[in-house]
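# Structural features, examined
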Protein chains: 2
Amino acid sequence: MDEALRAVADPTRRAILLLVRDGEVAAGDLARHFPGISRPAVSQHLRVLTSAGLLGVRRDGNRRLYRLRREGLAEAAGFIQDMWSDRLDLLKRAAEQEENEQGAR
Amino acid sequence: MDEALRAVADPTRRAILLLVRDGEVAAGDLARHFPGISRPAVSQHLRVLTSAGLLGVRRDGNRRLYRLRREGLAEAAGFIQDMWSDRLDLLKRAAEQEENEQGAR
DNA sequence: CCCCTATGTAAGATAGTGCTTAAATACTTA
DNA sequence: TAAGTATTTAAGCACTATCTTACATAGGGG
């Protein structure tokens, strides 16, 4: 999870994720969306995202097609949602925990 | 959102968020949970989290009590969930967009 | 008032990140 | 197999983050 959250902390990488959200995109096409930065820089971001499990890659002849790996976000999404969820869930959790403690005695 | 996601990318800060999830905690009590790092370091993490809108502070005499600000996570949670949500949502979004484009013509 | 506790701020060392240019790898096509 | 296209890897550099120690601030209690 740590790697995934670190990866998502960068705005360029978030933009990349948005670009591949709806299907496969070639590295070059991705790089074209960032006129401000060089292709190698984008390539490095792709490596970070891939290594974090957030992207999958496939070779298609010359090109490399990247796609979103939603599973990679599962843990991170879990944490965020856990923190973000409101008091109702909190009370529920507390109740369950207390129940477990009761059972353990 | 950028600041919130960057803040959450650090494991120590995530641990802090977990500690304040269920209620207010004094800075010193938080620091005690991290024997490996100094109190000032924790204080700096608290500043980052507060500045990102993820924590709220309140003075209580000598001490400062920190609490989780769930609202601060809203945007970040939205992004993650948006990326993490499965193809059903995706198709729905595509349909809506197409509908909008139709309407715009 | 003086001292103790709780906490934050400042300054500096160190490590990590993200960018760039140059070179390497890999596939495609004539 | 030579040349072209797509992409990654390498090396180096500037900027940022995180930690540490030393100091400053602020409230509480004798």
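Going by an unreviewed UniProt entry, chain A carries the name DNA-binding transcriptional ArsR family regulator and comes from Nonomuraea endophytica.

It is worth spelling out the sheet that holds strand E1 (residues 25-26) of chain B at this point. Residues and elements named next belong to chain B. Taken together, the three strands give an open sheet; going across it, the order is E1-E3-E2, and neighbouring strands pair in antiparallel fashion. Only two strands of the sheet have a single neighbouring strand rather than two, namely E1 and strand E2 (55-60). Strand direction decides the pairing type here: E2 and strand E3 (residues 63-68), joined by six bridges, are antiparallel. Counterpart to Leu 55 in the pairing with E3 is Leu 68. Packing of helix H2 (residues 11-20) onto the sheet brings it into contact with E1, E2 and E3, and relative to E3 it is tilted by some 95 degrees.

Attention now goes to the pairing of strand E3 (residues 63-68) of chain A. Every other side chain in a regular strand lies on the same face of the sheet, so the side chains alternate between the two faces. Residue and element names in this part refer to chain A. Sheet topology note: the strand E1 (residues 25-26)/E3 ladder contains two bridges and is antiparallel. Considered in E3, the bridge of Ala 26 is made with Leu 65. Between strand E2 (residues 55-60) and the antiparallel strand that follows it, E3, lie two residues; Gly 61 among them carries a positive phi value of about 60 degrees.

Attention shifts here to the interface of chain B and chain A. At the junction of the two partners, chain B supplies 28 residues and chain A supplies 28 residues. Both sides together, the interface formed by chain B and chain A hides about 2,800 Å², and carbon and sulfur atoms give 64% of it. Broken down residue by residue, the surface that chain B buries against chain A is led by Arg 70, Met 83 and Trp 84 of chain B, which jointly contribute 25%. Across the pair Arg 21 of chain B and Asp 82 of chain A runs a salt bridge whose closest N-O atoms are separated by 2.8 Å. The tally of links between chain B and chain A comes to six residue pairs in polar contact (both at pLDDT 80 or more). Elements supplying a minimum of two residues to the side of chain B that touches chain A: helix H1 (2-8), H2, helix H5 (74-84) and helix H6 (87-104) of chain B. For the side of chain B that touches chain A, a count of residues per class yields 16 nonpolar, two polar and 10 charged.

So, on to the sheet that holds E1 of chain A. Note: strands within a sheet are paired through backbone hydrogen bonds, in either parallel or antiparallel orientation. All names here are of chain A. Within the open sheet, the three strands sit side by side as E1-E3-E2. Their pairing is antiparallel. Looking along the sheet, the strands with just one partner apiece sit at the ends: E1 and E2. Helix H2 (residues 11-20) contacts E1, E2 and E3 of the sheet and is inclined by roughly 90 degrees relative to E3.

Rules used in this analysis
Residues numbered from 1 in each chain as written. Chains lettered and ligands numbered in written order. Predicted model: local features only at pLDDT ≥ 70, side-chain atom pairs only at ≥ 80, totals over all residues. Heavy atoms only, no water. Pairing = 2+ DSSP bridges. Helix = DSSP H or I, 4+ residues; strand = E, 2+ residues; numbered from the N terminus. Contact = heavy atoms within 4.5 Å. Axes fitted to C-alpha atoms, helices over the stretch in contact; angles between N-to-C directions. Buried area = accessible area lost by both parts, 1.4 Å probe. Salt bridge = Lys/Arg side-chain N within 4 Å of Asp/Glu carboxyl O. Polar contact = N/O pair within 3.5 Å; in protein donor to acceptor, adjacent residues only side chain to side chain. Nonpolar A, V, L, I, M, F, W, Y, C, P; charged D, E, K, R; others polar.

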